[in-house]
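Observations on the three-dimensional arrangement
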Amino acid sequence: SQQGEEDPQALSIQEGENATMNCSYKTSINNLQWYRQNSGRGLVHLILIRSNEREKHSGRLRVTLDTSKKSSSLLITASRAADTASYFCATHRADSSYKLIFGSGTRLLVRP
Amino acid sequence: NAGVTQTPKFQVLKTGQSMTLQCAQDMNHEYMSWYRQDPGMGLRLIHYSVGAGITDQGEVPNGYNVSRSTTEDFPLRLLSAAPSQTSVYFCASIPLSGTNTGELFFGEGSRLTVL
């Protein structure tokens, strides 16, 4: 079964608005990562947050992690049409640092 | 550096045929892995390797074999293809030593259709 589950499955917003995606997971983790995938392409790493961190920023991205709730959120501020893509969370489980398990993703559409 | 290179990009097979998806990386990464991506299912880990001569199973290993004879190459073999193996396959790597940011580096994918 999948470790991470994203919510919502799909999101449509207007350019300039903020986009928030959530990820829930089941087991203890070492870190949680967010990836982006443009249609028909490979995944690109966006940001990593470790289990002892609560919030991290990178440009227009803000990631939070709540280990007590086993959940994370990715916020994209001031969205652009070019942000249209699928976004996946992925977890390194605490019992196996070599495996990175992905969720099912959120499809984001940013309308110009 | 070319990064992670996958070949072929597209392949059509008939049920029962065999084939190998190739993956090569030139970044000297110890860890390499194969994922499959199906609509609505995200990526699922098939097999992974933490170094030459070492491989292990992921979430969905049945129907697939791997080997790791060199650091650079990690081929994925389908011995007898089935329609359920129609998917997009991604190879990904990461260094386990040195500067390890935890980031997986992905290839561009191989789209496989089994008729």
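1. So, the interface of chain A and chain B
- Contact residues are listed per partner, giving 21 residues for chain A and 22 residues for chain B.
- For the pairing of chain A and chain B, the buried interface totals around 1,700 Å² over both sides, and the portion due to carbon and sulfur atoms is 55%.
- Viewed at the interface, chain B and chain A are joined by one salt bridge.
- Ionic pairing is found between Glu108 of chain B and Arg41 of chain A, a salt bridge with its closest N-O pair at 2.5 Å.
- Where chain A meets chain B, there are four residue pairs in polar contact (both at pLDDT 80 or more).

2. As for the environment of Arg44 of chain B
- You can see Arg44 of chain B is positioned in strand S5 (residues 42–51).
- Among the polar contacts made by the side chain of Arg44 of chain B, one reaches the side chain of Asp38 of chain B at a distance of 2.7 Å.

3. Notes on the packing of aromatic side chains
- Tallied over the full model, the rule gives eight aromatic pairs over all chains.
- Aromatic pair Phe102 of chain A and Phe106 of chain B: ring centres 5.9 Å apart, planes at 75°, arrangement edge-to-face. Linking Phe102 of chain A in strand S10 (residues 100–102) with Phe106 of chain B in strand S10 (residues 105–106), this pair reaches from one chain into another. Accessibility classification places Phe102 of chain A together with Phe106 of chain B in one group, the buried group.
- These aromatic residues form a ring-pair network of at least three members: Tyr35 and Phe102 of chain A together with Tyr35, Phe90 and Phe106 of chain B.
- One cation-aromatic arrangement involves Arg68 of chain B over Phe74 of chain B; the distance from NZ or CZ to the ring centre is 6.0 Å.

4. A look at the layout of surface pockets
- Roughly 670 Å³ of volume is contained in the largest pocket.
- Looking at the largest pocket, it is lined by 30 residues, and the ones nearest its centre are Gln37 and Gly40 of chain A together with Gln37, Val88 and Arg111 of chain B.
- Where the lining of the largest pocket is concerned, the elements lending two or more residues are strand S9 (85–93) of chain A together with strand S4 (31–38), strand S9 (87–94) and strand S11 (110–114) of chain B.

5. Examining the state of the cysteines
All names here are of chain A.
- For the structure on display, the rule yields two disulfides over all chains.
- Each sulfur of the disulfide joining Cys23 and Cys89 lies 2.0 Å from the other. The chirality of the disulfide connecting Cys23 with Cys89 is right-handed, given an S-S dihedral of about 65°. With Cys23 in strand S3 (residues 19–25) and Cys89 in strand S9, this residue pair connects regions lying 66 residues apart in the sequence.

How each quantity is defined
- Residues numbered from 1 in each chain as written.
- Chains lettered and ligands numbered in written order.
- Predicted model: local features only at pLDDT ≥ 70, side-chain atom pairs only at ≥ 80, totals over all residues.
- Heavy atoms only, no water.
- Contact = heavy atoms within 4.5 Å.
- Buried area = accessible area lost by both parts, 1.4 Å probe.
- Salt bridge = Lys/Arg side-chain N within 4 Å of Asp/Glu carboxyl O.
- Polar contact = N/O pair within 3.5 Å; in protein donor to acceptor, adjacent residues only side chain to side chain.
- Helix = DSSP H or I, 4+ residues; strand = E, 2+ residues; numbered from the N terminus.
- Phe/Tyr/Trp six-rings, centres within 6.5 Å; stacked < 30°, edge-to-face > 60°.
- Buried < 20%, exposed > 50% of the residue type's maximum accessible area, 1.4 Å probe, protein only.
- Lys NZ or Arg CZ within 6 Å of the ring centre and 35° of its normal.
- 1 Å grid on protein atoms, 1.4 Å probe; cavity = no way out; pocket = protein on both sides within 12 Å on 5 of 7 lines; lining within 4 Å.
- Points joined across faces, edges and corners; volume = space filled by probe spheres on them.
- Disulfide = S-S within 2.5 Å.

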